[in-house]
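Observations on the model geometry
Chain by chain, the residues:
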Amino acid sequence: MARFFVGLDLGQASDYTALAVLERLSQPGKIEAQYHVRHLERVRNVPYPDIVDKIMVMMRSPALGSSAVLVVDQTGVGAPVVDLFRRAHARLNAVLIHGGDSETRDGKTWRVPKRNLAGVLQVLFQSGRLKISKKLPLAGTLQAELMNFKVRIDPVTAHDSYSAWREADHDDLVLATALACWYAETAAPKPQPRLVFPRAGPGETITPAWRVHSVIGRTGRF
């Protein structure tokens, strides 16, 4: 079961390439998880093979081990870089971002509307389920991008404008974080809640109705 989710936004030419590492943590008494941003990084003017090598070292590190999943933006320049990752045997899920409204999957490649990525990210951030440590050097940059993050819908076509991702000076960190959040909440298997059933005492018979009442009403752990 994946515990860490690594989002990677690949920049073109002199644009930033950004990386966000999220850890999924269970909340006592709740089915919904919290996500803590554990690492943020951005680089520019670095050859893509070097980026692949660096991330593969990180993905194989003891800190992440086998409990991490890599989610990469395959839109535009990302396609050949995704091929490099696959040749390096990365545990990879590629995301093609588009401006429509349907979400589809072909093997390890997903086609995801921008509004879906934005929606998941904003719900987690506004509900307090996405935590960003102030100790991270780029925490302030990510928080500023989150506050300014918007997806504009064309009133004629009802589709999103891809330029909306890049209207600010740099939206790379927020996109990397959105990729990781979307996959963790939408595509990754979730930890199963633990069911607690009562035990019958001497001479007692547990009826189905009483059992449901006991699990939900008495333990609160359904």
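Conventions and cut-offs
- Residues numbered from 1 in each chain as written.
- Predicted model: local features only at pLDDT ≥ 70, side-chain atom pairs only at ≥ 80, totals over all residues.
- Heavy atoms only, no water.
- Helix = DSSP H or I, 4+ residues; strand = E, 2+ residues; numbered from the N terminus.
- Buried < 20%, exposed > 50% of the residue type's maximum accessible area, 1.4 Å probe, protein only.
- Contact = heavy atoms within 4.5 Å.
- Areas by Shrake-Rupley, 256 points an atom, 1.4 Å probe, with all protein chains shown as cover.
- Polar contact = N/O pair within 3.5 Å; in protein donor to acceptor, adjacent residues only side chain to side chain.
- Phe/Tyr/Trp six-rings, centres within 6.5 Å; stacked < 30°, edge-to-face > 60°.
- Lys NZ or Arg CZ within 6 Å of the ring centre and 35° of its normal.
- pLDDT = per-residue confidence, 0-100.

Glancing now at the overall build of the protein. Looking only at helices and strands, the protein features 6 helices and 8 strands. Helices (α) and strands (β) of the protein occur, in sequence order from the N terminus, as β-β-β-α-β-α-β-β-β-α-β-α-α-α. Counting all 222 residues of the protein, 44% fall into the buried class. Sequence-distant contacts, at least 24 apart, represent 57% of the contacts inside the protein between residues at least 6 apart. Element-wise, carbon and sulfur atoms account for 54% of the exposed surface of the protein, whose accessible area totals about 12200 Å².

Moving on, we come to the side chain of Gln34. Tracing the sequence through the fold places Gln34 in strand S3 (residues 33-43). Within polar-contact distance, the side chain of Gln34 engages the side chain of His36 at 3.2 Å. Excluding anything up to four places from it in sequence, Gln34 contacts Glu23, Arg24, Leu25, Gln27, Gly128, Arg129 and Lys131.

Let's shift gears to unusual backbone geometry. Of note in the backbone geometry, Asn45 takes a positive phi value of approximately 60° without being a glycine. Tracing the chain through its elements places Asn45 in the loop between S3 and helix H1 (48-59). Residues other than glycine seldom take positive phi values, yet His89 does so here, at roughly 65°. Relative to the helices and strands, His89 is located in the loop between helix H2 (78-87) and strand S5 (92-98). Classification of His89 by relative accessible area gives exposed; the value is 69%.

Counting across every chain of the model gives 3 aromatic pairs. Relative to Tyr183, the ring of Phe5 lies with its centre 6.2 Å away and its plane at 50°, an arrangement referred to as tilted. Here Phe5 is found in strand S1 (residues 4-9), whereas its partner Tyr183 is found in helix H5 (residues 172-187), with 178 residues between them in sequence. Both residues of the pair, Phe5 and Tyr183, belong to the buried class. For the pair Trp110 and Trp182, a centre-to-centre distance of 5.3 Å together with 80° between the ring planes defines the contact as edge-to-face. Of the two residues, Trp110 is situated in strand S7 (residues 109-113) and Trp182 in helix H5; the sequence distance between them amounts to 72 residues. One aromatic cluster is present, formed by Phe5, Trp110, Trp182 and Tyr183 through successive ring pairs. Across from the ring centre of Tyr16, 4.1 Å away, lies the NZ or CZ of Arg42, which sits over that ring.

Residue-level pLDDT values for the protein average 79, and 74% of them are 70 or greater. Within the protein, the lowest mean pLDDT, 40, falls on helix H6 (residues 208-219), and the highest, 94, falls on S1. Residue range residues 162-166 is modelled with pLDDT below 50. Its contacts to residues more than four positions away, or to other chains, number 18 contacts.

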